Amino acid sequence: FPFTLARVEVTPPSQGIFDTIDGLPPGSVILFSNDYDPGSAAELKPMTLAILRHAFHKRIHVVVMTLWPGGLALTQDILQKMTVEFPHLKKNEDWAFLGYNAGSQAAIANMVRSLTETYPKDRDGVETASLPILAKADGKKIESLKDFAYVLSISAGDPGIEQWVIYGHGESGCLLGGGSTAV
């Protein structure tokens with residue numbers, strides 16, 4: 001039985017995220033906020049996996065966080081999957097997981113001033129200021145949102161992309177991308 005596959009076209013926003021990551025030099029550090037819970041995972045987890053795979057293939061360092069309590073275990077599972085797919089990646093050097101922050105838009109606004117004050121410790125209790133991933137190749141430390149090469153939020157609602165635009169990009173001018181559910 002012959003069959004034809006539907007042609008899939010890439011939307012401009014998706015292409016924009018791909019092109020931005022693709023254009024970053026290896027060693028760049030991006031912030032990835034995984035702002036959804038298992039109820040939206042069927043739609044957003046494939047997007048998350050694709051972005052992380054692309055970043056890791058390009059040797060981009062990724063600092064991951066979540067503003068959703070239900071996103072904590074989900075994000076840990078995703079990162080565990082990535083460590084299996086990319087066994088050469090070193091935790092806290094090539095990637096780090098800050099964990100969950102209950103502050104919503106206040107957490108984003110605080111990260112405009114200070115990443116380490118907003119997240120004094122990562123998910124494992126390690127002092128965030130001591131994470132090797134936060135020392136950029138040029139010797140400068142990542143101290144706030146503006147110091148990341150790119151900030152991404154994959155979200156299913158509030159807090160999510162809208163809060164990142166208002167409180168993150170609006171206050172720091174950070175380069176921001178995002179993905180969301182279709183509804």
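Please refer to the structure placed before this passage.
Residues numbered from 1 in each chain as written. Predicted model: local features only at pLDDT ≥ 70, side-chain atom pairs only at ≥ 80, totals over all residues. Heavy atoms only, no water.

Asks: Is there a simple way to think about the overall build of the chain in this case?
Replies: The secondary structure content of the chain amounts to six helices and five strands. Starting at the N terminus and ending at the C terminus, the chain contains elements arranged as α-β-α-β-α-β-α-α-β-α-β. Projecting the C-alpha coordinates of the chain onto the three principal axes gives extents of approximately 60 × 35 × 30 Å. Residues classed as buried in the chain amount to 45% of the 183 residues present. Intrachain contacts of the chain at a sequence separation of at least 6 include 77% that bridge at least 24 residues. Accessible area for the chain stands at about 9400 Å²; split by element, carbon and sulfur atoms hold 55% of it. For the chain, the distance from the average position of its 15 positive side-chain charges to the average position of its 20 negative side-chain charges is 6 Å. (Helix = DSSP H or I, 4+ residues; strand = E, 2+ residues; numbered from the N terminus. Buried < 20%, exposed > 50% of the residue type's maximum accessible area, 1.4 Å probe, protein only. Contact = heavy atoms within 4.5 Å. Areas by Shrake-Rupley, 256 points an atom, 1.4 Å probe, with all protein chains shown as cover. Lys, Arg positive; Asp, Glu negative; His and termini not counted. Charge placed at Lys NZ, Arg CZ, Asp CG, Glu CD.)

Asks: Would you mind showing me how to read unusual backbone geometry here?
Replies: Glycine aside, negative phi is the norm for most residues, and most peptide bonds take the trans geometry. P159 follows D158 through a cis peptide bond whose omega is 0 degrees. Phi angles above zero are rare outside glycine, and N92 is one such case at about 70 degrees. Summarising the element assignment, N92 is placed in the loop between α3 (71-85) and β3 (95-100). Of note, the phi angle at S104 is positive, near 50 degrees, even though the residue is not glycine. For S104, the position within the fold is in the loop between β3 and α4 (105-113).

Asks: For this particular structure, what's the right way to read the side chain of H61?
Replies: Residue placement: H61 occurs in strand β2 (residues 61-66). A polar atom in the side chain of H61 sits 3.3 Å from the backbone oxygen of E93. The contact partners of H61, leaving out residues within four places of it in the chain, are G27, S28, V29, I30, E93, D94 and I133. (Polar contact = N/O pair within 3.5 Å; in protein donor to acceptor, adjacent residues only side chain to side chain.)

Asks: What is the right way to look at the packing of helix α1 (residues 12-23) against helix α2 (residues 41-57) in this model?
Replies: Two numbers describe a pair of packed helices, the interaxial angle and the distance between the axes. It is the contact of α1 with α2, at a shortest axis distance of 9 Å, that shows an interaxial angle of 20 degrees. In terms of axis orientation, α1 runs roughly parallel to α2. As α1 packs across α2, the resulting crossing turns out to be right-handed. Counting all contacts with α1, which are made through I17, F18, I21 and D22, the residues of α2 involved are I51, H54 and A55. (Axes fitted to C-alpha atoms, helices over the stretch in contact; angles between N-to-C directions. Parallel < 35°, antiparallel > 145°, perpendicular 65-115°, else oblique. Left-handed = near helix turned anticlockwise from the far one by under 90°.)

Asks: How should the packing of α4 against helix α6 (residues 161-172) be read in this particular structure?
Replies: Two numbers describe how α4 lies on α6: the axes approach to 9 Å, and their chain directions differ by 15 degrees. Here α4 lies roughly parallel to α6, going by the angle between them. Viewed along their axes, α4 and α6 form a crossing whose handedness is right-handed. Each of Q105, I108, A109, M111 and V112 in α4 lies in contact with α6, whose residues at this interface are Q163, W164, Y167, G168, E171 and S172. When the residues that make up the contact of α4 with α6 are grouped by side-chain class, the tally is six nonpolar, four polar and one charged. (Nonpolar A, V, L, I, M, F, W, Y, C, P; charged D, E, K, R; others polar.)

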